[in-house]
Amino acid sequence: MKLISLFAALAAVIGLFANAGRKLFQWLGPLFPCIGPLPYGIAYGLAVIGILGAFIVSRVPGNGMFAPVFYVCHYLLGFIVYMVMLVNLAGLFMFLAGLLRILPAPLSCRAGVAAGAIPLFLSAALSVYGAVHGAVIQIKPYEIQIGGRTQEKAPLRIALISDLHLGYVIGGHHLEKVIDAVNSTKPDLVCIAGDIFDGDATALADAGTLKDLFLQIDSVYGVYACLGNHDAGPSYDRMMEFLSEAGIRVLQDEAVVIDSRFVLAGRKDSFPIGGQGERRGSLELPERTEDLPVIVMDHQPGNIRDYGEETDLILCGHTHKGQMFPFNLITDAVFDVDYGYYRASVDSPQVIVTSGAGTWGPPQRVATDNEVAEILVMLPVRQ
């Protein structure tokens, strides 16, 4: 059944790409009368296959010499995604307008050109905006209360980041801005909720520079991380070595007591893309910590139902909040919470899902942000 669904989805995607190309030729073809349907179809097909193929091939280790080509294709990927969506939407609109006799059939040459040019212009504009906006790091503030209202509280300032996706596109320039934003919050604790890498540690252009940037993080209790689904694969051991040398302690289904104030736990990813050492197990808390608040880093917010009243706060990433509109509508429908603060009931853990500080695929953000979550947690003071 899953295989049938996969083929159906693939056929639908191919159909949308093909229909977008057909509509563009139908609408804009009169502007280029010397280009026939066959040469146009070949050129369109090669362009689409080239961009999608370059994105796939860029994931093959050892292709560093083609990095500039792959980098450009990542940006073009965002353009063609919007182009396919908007051209098909324009086609649907023109079809309905024809049925309702709002527009004449057949269309005039001027109307056809407008129908083709407007989606292309909007696709280019959204891609440029997404690239510019994706280079900016926002700071998103939260305030969390743990314990009863009558208890004496002391603040714990957490800087939460996730989904850096270092490697194929994201490098030192972007990471430097993220680290500056993290340090600007003056954190007591820095938590990285997974997907530090983009699936391949060998794709890091300058691993030494990236390690030095992580070592510049200034926090009272240090930097802790859990694993995401992309922090896996053949280079998993190299990833762990990198994180150790970068001063990041990875918690893999384990917990630590910090300053006798709270428990911090980190989980392995529940659906890693490739090997990730031992598979995800159960989380065991340290002994004699029943009266300490428990904070858990778990990359995927789909796991929040696994936790009960023994957990006070869950920190997640993974969703990117859809990264590019309208995909945020999909993540909002799939997850109980795809972004921001959430609590199912007064007996449930509090949850914060960050949209991430990096991008996957197109290095673009539309209607979402690259961010550092600045979380002020008011912890009970132990008597």
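Residues numbered from 1 in each chain as written. Predicted model: local features only at pLDDT ≥ 70, side-chain atom pairs only at ≥ 80, totals over all residues. Heavy atoms only, no water.

Peer 1: Give me the lowdown on the overall build of the protein, citing residues and values where you can.
Peer 2: On a plain count of helices and strands, the protein comes out with 8 helices and 12 strands. Across its three principal directions, the C-alpha atoms of the protein cover 80 × 50 × 45 Å. Per-residue burial over the protein gives 48% buried out of 383 residues. For the protein, the share of sequence-separated contacts (at least 6 apart) that also reach a separation of at least 24 residues comes to 76%. Accessible area for the protein stands at about 19,000 Å²; split by element, carbon and sulfur atoms hold 63% of it. (Helix = DSSP H or I, 4+ residues; strand = E, 2+ residues; numbered from the N terminus. Buried < 20%, exposed > 50% of the residue type's maximum accessible area, 1.4 Å probe, protein only. Contact = heavy atoms within 4.5 Å. Areas by Shrake-Rupley, 256 points an atom, 1.4 Å probe, with all protein chains shown as cover.)

Peer 1: Give a detailed account of the domain arrangement of the protein, specifying residues and quantitative values.
Peer 2: Each assigned domain of the protein is listed with its residue range as follows: domain 1 (1–134) and domain 2 (136–376). Here the C-alpha centroids of domain 1 and domain 2 sit 35 Å apart. The partner domain 2 presents 22 residues to the 20 residues of domain 1 that form the contact. Here domain 1 packs against domain 2, burying approximately 1,700 Å² in sum over the two surfaces, 60% of which is carbon and sulfur. (Domains from an automatic or database assignment. Buried area = accessible area lost by both parts, 1.4 Å probe.)

Peer 1: Which residues make up the UniProt feature "transmembrane region" (unreviewed entry) in the protein, and what values do they have?
Peer 2: Mapped onto the present numbering, the UniProt feature "transmembrane region" (unreviewed entry) falls on residues 42–60, 72–99 and 111–132. Taken end to end, residues 72–99 comprises 100% helix and 0% strand; its first and last C-alpha atoms sit 41 Å apart. A distance of 32 Å separates the end C-alpha atoms of residues 111–132, which is 100% helix and 0% strand. (UniProt positions renumbered as here; feature names shortened; annotations may be inferred.)

Peer 1: I'd love a proper account of the packing of aromatic side chains, names of residues and values included.
Peer 2: Scanning the model with the defined rule gives 7 aromatic pairs in all. Taking 4.9 Å as the distance between ring centres and 35° as the angle between the ring planes, the aromatic pair formed by F25 and Y40 counts as tilted. Of this pair, F25 sits in helix α1 (residues 2–28) while Y40 sits in helix α2 (residues 37–57); the two residues are 15 residues apart in sequence, bridging distant segments of the chain. Seen from their ring centres, F214 and F242 are 6.2 Å apart, and the 85° between their planes marks the pair as edge-to-face. Of this pair, F214 sits in helix α6 (residues 207–215) while F242 is found in helix α7 (residues 236–245), placing the two residues 28 residues apart along the sequence. F242 carries the same exposure label as F214, and that label is buried. Aromatic ring contacts, followed pair by pair, group F25, Y40 and Y44 into a single cluster. The ring of Y142 has K140 lying over it, and the distance from NZ or CZ to the ring centre is 5.7 Å. (Phe/Tyr/Trp six-rings, centres within 6.5 Å; stacked < 30°, edge-to-face > 60°. Lys NZ or Arg CZ within 6 Å of the ring centre and 35° of its normal.)

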